[in-house]
Amino acid sequence: MPAEPGQTLIYLPGLAGDPGSSPALAALEADGWTVARPQLPGFDGESGFRCPDDYLGWLTALWDAVDATGVGPCPVVGASVGGMLAADLAVFRPEAVSRLVLLAPFGIFDADHPGIDPYAVPTAKRLEPLFERGVPEVFRTRFAHKGDTEAPVSRYLTDIAAASLIWPVGDRGLAHRIHRITCPRLVLWGAADQIVPVGTAAAWGEHQVIEGAGHLLEWDQPEAVAAAMRSFLGR
Amino acid sequence: MVGVKVLWFHLMPYPQLPEDFRERYRSVWVDLDAGLLDPEVVASSYETYLDQLVFAEACGFDGLCVNEHHSNGYGLMPSPNLMASIVANRTSRAAVVVLGNSVALYDPPTRVAEEMSMLDLLSRGRLVSGFPVGTAMDTAYAYGANPGTLRAKYYEGIDLVLQAWTRPEPFAFNGRFTKQRWVNIWPRPMQQPHPPVWIPGGGSVETWDLCAERDFVYAALSYYGHLVGKEAMDGFWEAVERAGKDPNPYRAGFLQFVGVADTDAEAYRLYKEPAEYFFQRSLHFYPGFVDPPGYSSEASVRRKLQSSVRAAAMTTQASGGPTWDEMLERGYVIIGSPDTVREKLEDVARTLNVGHLMTLLHFGNMSDELARQNTELFGTKVLPGLKDIWSEHTDHWWPTNAR
C-alpha cells in the first residue's frame, strides 16, 4: 500500500551497519516512504569514535540522534542491534514511536538458543554468518573508496559501535520492560538466523518467521519482509 | 647489584597437550576442552614450577615473574597473585614481579590495590606491580569485558589503584566505570610512595604513550623474540622522546625465550622439542578470538595494518606454527653455548635499549631437569657477563628491597 504523502519512518540498522537501503527498505521508499536515519555514534565509520560508557549512554545518544532527525512521531524500523534500540525507544520514548517493526532484535538472550558469537569469528569472515543467501556486495565495498588502510579502519570502527551495544551476550534486559511498549508492533525473524536464533523470537511475543532468511533478513528475503512491513505500516 | 636486571619468567604451561592438539582442537585459549585437564598433572606442575622459581633466585636471577591468563592451556595462572604470595614467602632477595593484574577485570579495582599491597608486605618491599590491559582472549572473551570500553576502564583502574596506595585520607572515587564512596585500603604497600609499576604490552600505541608520560616501565611481552620486538621497542622509545623523557634503558623490559647448553649443537638438540611444543601446540589459537571490535584503538589498528613484520609472524603462526629452524632464524628463541647466548642477549639489550631482560628458560613441555640445567648454566655462565651492561644508568623502577 502506498504511503501517504510526506510519510516518514525511522530506520536503525543492524550489526553490519548501514551501507544504504536494503531492497526491502527500497521497496518502501518506492511506495513513497521517506527513510530517516538517526546518526548513531560510530556507525558511520568516521575517525575519532569514542564508545559511550554504558548502555544508558547509548540510549541517550539514540534519543539525541532521533530528535536531531526532526521527524516523529512516526514508525520505527529496527534491525538486529538496531531492533534492540528501536524497542527501547518505544519503551522509554513512547511519544516518538507510532508503530514498531523489529527485525530479529537483540536485547533478550535465550540460553536455550544462544546462537553463534558474531565476534568469535575471524575478522575477514564476520559478515558471512549474518546472511543466509550470501553477503551482499554493498557490505564489502561500503568503505572501499577510503583505500586499503582506511577502509578496514572504518569497518572496524562500525564494528566497535555495534559490538559494544551487545557485548558479551546481547542481553540488555528487554525481557523486563517490553511490556511497556504500547504501540502496535511487528516482529519478523529469519528461520535460519544463526546469530539470534528464531527460538528467541517467542520472548518477543507474536511474531512472523521468514523462511530462507538469516539474521539480516531484510537482505536475504526482501520481498517477504517488504510485504509484511507494507501490510503492517499500511494499517 | 648494578647492570642489566635479568629476570626469570614463568608462564606455567599445561605440559601434556596431546601431540595432535593442533588437528583435533580449535584453540588453546577461551574454548579449550576442559577434558584435557588432569588435575594431578596441574597440581604436580604447580609444585615443580614454584620450585623452579625459587631455584632461579638461588642461581642469581634478579627477579621472578608470574603473569595472568584465563581459560588458557599455556598459562595456568588465572590468579598470579596466589603464586606470587608463595614465591614471596619462599624467597628473600629477588624481586617478585607480577605482570600482572588486568585491572579492568576487577570490580572495584581496589581489590588489586589491596592484593598488591599484601604482596609488597609479604615480600618486604620486593614487589613489581604490573598492570596489563590483558589480551583480547583473557578480557573480552574469557571474562566478557566489553572491548569498546576496556581500555578506558583500564586507565581509570590504574588511577584508582595509584590513588588507593598513596592518598593518606579516605576518599571518594567517582569514575566513569567505578564509583566508590569510601576508598581507604588496609594494608598499604611497604614501598613508598608505591611499588614500581610496569605495564606489560604487545605493541599498542596507547600503551607506549601511557608508559612514557607516566614513567611506567614498558615491558614488551611478545613471544616472537627480539627481531619482531624491535618494532614495538622502537615505537616505545619514540613515545619516550615525544614525552621529553630521558631514554634510560631501565624504562623498558623485554621478554625472550632462551636455551643454554654446553655447546651450540647441544642447545640445538635439547631445546627443539619444548620450543616446538610451545610454538606449534601452545600457541595454537583460533583467529576468531584475536580481534574483538574495540580491543585495539583506532591508531593501533592503523599501525598494525601497516606492519609487515607483525603480519608475517601472524601468518606463520596461523599456518601451523614456525619450524624449529624458523624460530631460530627469526629470533623467537635464542639458544647456544653460554658465550653465544651472552653475546646475543647483549646485542638484544643494546639494540632494544632494554634494562630489564625477562628470560623464559622454561617453556612448552620442558622437563624439570632441563629447566634447572638451563637456569643454572645461565645463572653461572651467562648472567655475570651481562652485568656490565647499563651499569652507568640508575634503575628507578626496581623494588626498594630487592637485590
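Anyway, here's the lowdown on the structure attached to this text. Since the model is a prediction, treat every value here as computed from it, not as a measurement.

1. Overview of the overall build of chain B
Part 1 of the argument: In terms of helices and strands, chain B carries 15 helices and 11 strands.
Part 2 of the argument: Since a compact globule built from 403 residues should have a radius of gyration of about 22 Å, the 20 Å found for chain B is in line with a globular shape.
Part 3 of the argument: Here chain B holds 403 residues, and 61% of them are scored as buried.
Part 4 of the argument: Within chain B, counting contacts between residues at least 6 apart in sequence, those at least 24 apart form 79% of the total.
Part 5 of the argument: In the form shown here, chain B has an accessible surface area of approximately 15100 Å², with 51% of it arising from carbon and sulfur atoms.
Part 6 of the argument: Chain B carries 36 positive and 49 negative side-chain charges, and their two centres are separated by 5 Å.

2. Describing the interface of chain B and chain A
Part 1 of the argument: Tallying the contact residues gives 25 residues for chain B and 27 residues for chain A.
Part 2 of the argument: Together chain B and chain A conceal approximately 2000 Å² of surface at their shared face, both sides included; 57% is due to carbon and sulfur atoms.
Part 3 of the argument: Connecting chain B to chain A are 2 salt bridges.
Part 4 of the argument: For R302 of chain B, the salt bridge goes to E150 of chain A, with nearest N and O atoms at 2.6 Å.
Part 5 of the argument: Only α5 (136-141), α6 (147-166) and α11 (298-305) of chain B provide two or more residues apiece to the side of chain B that touches chain A.
Part 6 of the argument: The greatest single-element share of the side of chain B that touches chain A, amounting to 4 residues, is contributed by α11 of chain B.
Part 7 of the argument: Considering only residue class, the side of chain B that touches chain A consists of 13 nonpolar, 8 polar and 4 charged.

3. So, helix α3 (residues 80-90) of chain B
Residues and elements named next belong to chain B.
Part 1 of the argument: All of the buried residues along α3 are P80, N81, M83, A84, V87 and A88. Viewed end-on, α3 has its buried residues packed into an arc of 155°, placing them on one side of the element. Exposed residues lying more than 90 degrees from the buried face of α3 are L82 and N89.
Part 2 of the argument: Considering only its buried residues, α3 is in contact with α2 (39-58), β2 (63-66), β3 (95-98) and α4 (110-122).

4. Topic: the packing of helix α7 (residues 205-214) of chain B against helix α8 (residues 225-242) of chain B
Residues and elements named next belong to chain B.
Part 1 of the argument: Contact geometry for α7 and α8: axes closest at 8 Å, N-to-C directions at 45°. By the angle between their axes, α7 is oblique relative to α8. You can see that α7 and α8 cross each other, and the crossing is right-handed. Here W208, D209, C211 and A212 of α7 come into contact with α8, specifically with E231, A232, G235, F236, A239, V240 and R242.
Part 2 of the argument: Tallied by class, residues from the contact of α7 with α8 come to 7 nonpolar, 1 polar and 3 charged.

5. Re the pairing of strand β8 (residues 217-220) of chain B
Residue and element names in this part refer to chain B.
Part 1 of the argument: Both faces of β8 are covered, namely the face carrying V217 and A219 and the face carrying Y218 and A220.
Part 2 of the argument: One ladder, built from 4 bridges, connects strand β7 (residues 197-201) with β8; its direction is parallel. Bridging from a neighbouring strand, W198 pairs with V217 of β8.
Part 3 of the argument: Between the parallel elements β7 and β8, the chain passes through α7 in a crossover that is right-handed.
Part 4 of the argument: Here β8 pairs with strand β9 (residues 252-260) via 3 bridges, running parallel. Looking across to β9, one finds that A220 is bridged to F254.

6. Section: the state of the cysteines
Part 1 of the argument: With the rule as written, the count across this model stands at 0 disulfides over all chains.
Part 2 of the argument: Of all cysteine sulfurs in the structure, the one in C183 of chain A sits closest to C74 of chain A, which takes part in no disulfide; the separation is 11 Å.
Part 3 of the argument: Summary of cysteine pairing: C59 of chain B is not part of a disulfide, and the nearest cysteine sulfur, belonging to C65 of chain B, is at 15 Å.

7. Notes on the side chain of H362 of chain B
Part 1 of the argument: Residue position: H362 of chain B is located in the loop between β11 (356-360) and α15 (368-386).
Part 2 of the argument: Once you skip the residues sitting within four places of it in the chain, H362 of chain B turns out to touch W8, H10, P13, Y49, Q52 and A371 of chain B.

8. Brief notes about the sheet that holds strand β5 (residues 185-190) of chain A
Residues and elements named next belong to chain A.
Part 1 of the argument: Spatially, 6 strands are ordered β2-β1-β3-β4-β5-β6 in an open sheet, and the strand pairing comes out parallel. Each edge of the open sheet is held by one strand with a lone partner, namely β2 (34-36) and β6 (208-210). Taken pair by pair, the neighbouring strands of this sheet meet at an average axis angle of 25°, ignoring direction.
Part 2 of the argument: For β5 and β6, the ladder comprises 3 bridges, and the chain directions are parallel. Its bridge partner lying in β6, G190 is registered against I210.

9. Section: the nonpolar core
Part 1 of the argument: Within the largest apolar cluster, 223 residues are counted, with the highest numbers of intra-cluster contacts made by W198 and F378 of chain B.
Part 2 of the argument: With near-sequence residues (within four places) excluded, F378 of chain B lies in contact with V6, F61, V258, V260, V341, L345, T359, L361, L383, P384 and L386 of chain B.

10. Some details on the packing of aromatic side chains
All names here are of chain B.
Part 1 of the argument: If you walk through the whole model with that rule in mind, you get 31 aromatic pairs over all chains.
Part 2 of the argument: On the numbers, 6.3 Å between centres and 50° between planes, the contact of Y224 with F279 is tilted. Linking Y224 in the loop between β8 and α8 with F279 in helix α10 (residues 272-282), this pair joins segments that are 55 residues apart in sequence.
Part 3 of the argument: Judged by its relative accessible area of 0%, F279 falls in the buried class.
Part 4 of the argument: Aromatic side chains Y268 and W324 sit 5.8 Å apart centroid to centroid with 50° between the ring planes, which places their arrangement in the tilted category. Here Y268, found in helix α9 (residues 264-270), pairs with W324, found in helix α13 (residues 324-329); they are 56 residues apart in sequence, far enough to count as distant.
Part 5 of the argument: A relative accessible area of 34% places Y268 in the partly exposed class.
Part 6 of the argument: Members of the aromatic cluster, joined through ring pairs, are W29, Y74, Y223, Y224, F257, Y271, F278, F279, F285, Y332 and F363.
Part 7 of the argument: The aromatic ring of F55 is capped on one face by R372, whose charged end is 4.8 Å from the ring centroid.

Criteria and thresholds
Residues numbered from 1 in each chain as written. Chains lettered and ligands numbered in written order. Predicted model: local features only at pLDDT ≥ 70, side-chain atom pairs only at ≥ 80, totals over all residues. Heavy atoms only, no water. Helix = DSSP H or I, 4+ residues; strand = E, 2+ residues; numbered from the N terminus. Rg over C-alpha atoms; globule rule 2.2 N^0.38 Å. Buried < 20%, exposed > 50% of the residue type's maximum accessible area, 1.4 Å probe, protein only. Contact = heavy atoms within 4.5 Å. Areas by Shrake-Rupley, 256 points an atom, 1.4 Å probe, with all protein chains shown as cover. Lys, Arg positive; Asp, Glu negative; His and termini not counted. Charge placed at Lys NZ, Arg CZ, Asp CG, Glu CD. Buried area = accessible area lost by both parts, 1.4 Å probe. Salt bridge = Lys/Arg side-chain N within 4 Å of Asp/Glu carboxyl O. Nonpolar A, V, L, I, M, F, W, Y, C, P; charged D, E, K, R; others polar. Arc of directions from axis to C-beta. Axes fitted to C-alpha atoms, helices over the stretch in contact; angles between N-to-C directions. Parallel < 35°, antiparallel > 145°, perpendicular 65-115°, else oblique. Left-handed = near helix turned anticlockwise from the far one by under 90°. Pairing = 2+ DSSP bridges. Right-handed = clockwise from strand over helix to strand, strands pointing away. Disulfide = S-S within 2.5 Å. Core = buried A, V, L, I, M, F, W, Y, C linked by side-chain atoms within 4.5 Å. Phe/Tyr/Trp six-rings, centres within 6.5 Å; stacked < 30°, edge-to-face > 60°. Lys NZ or Arg CZ within 6 Å of the ring centre and 35° of its normal.

So yeah, pure geometry; function would need other evidence.
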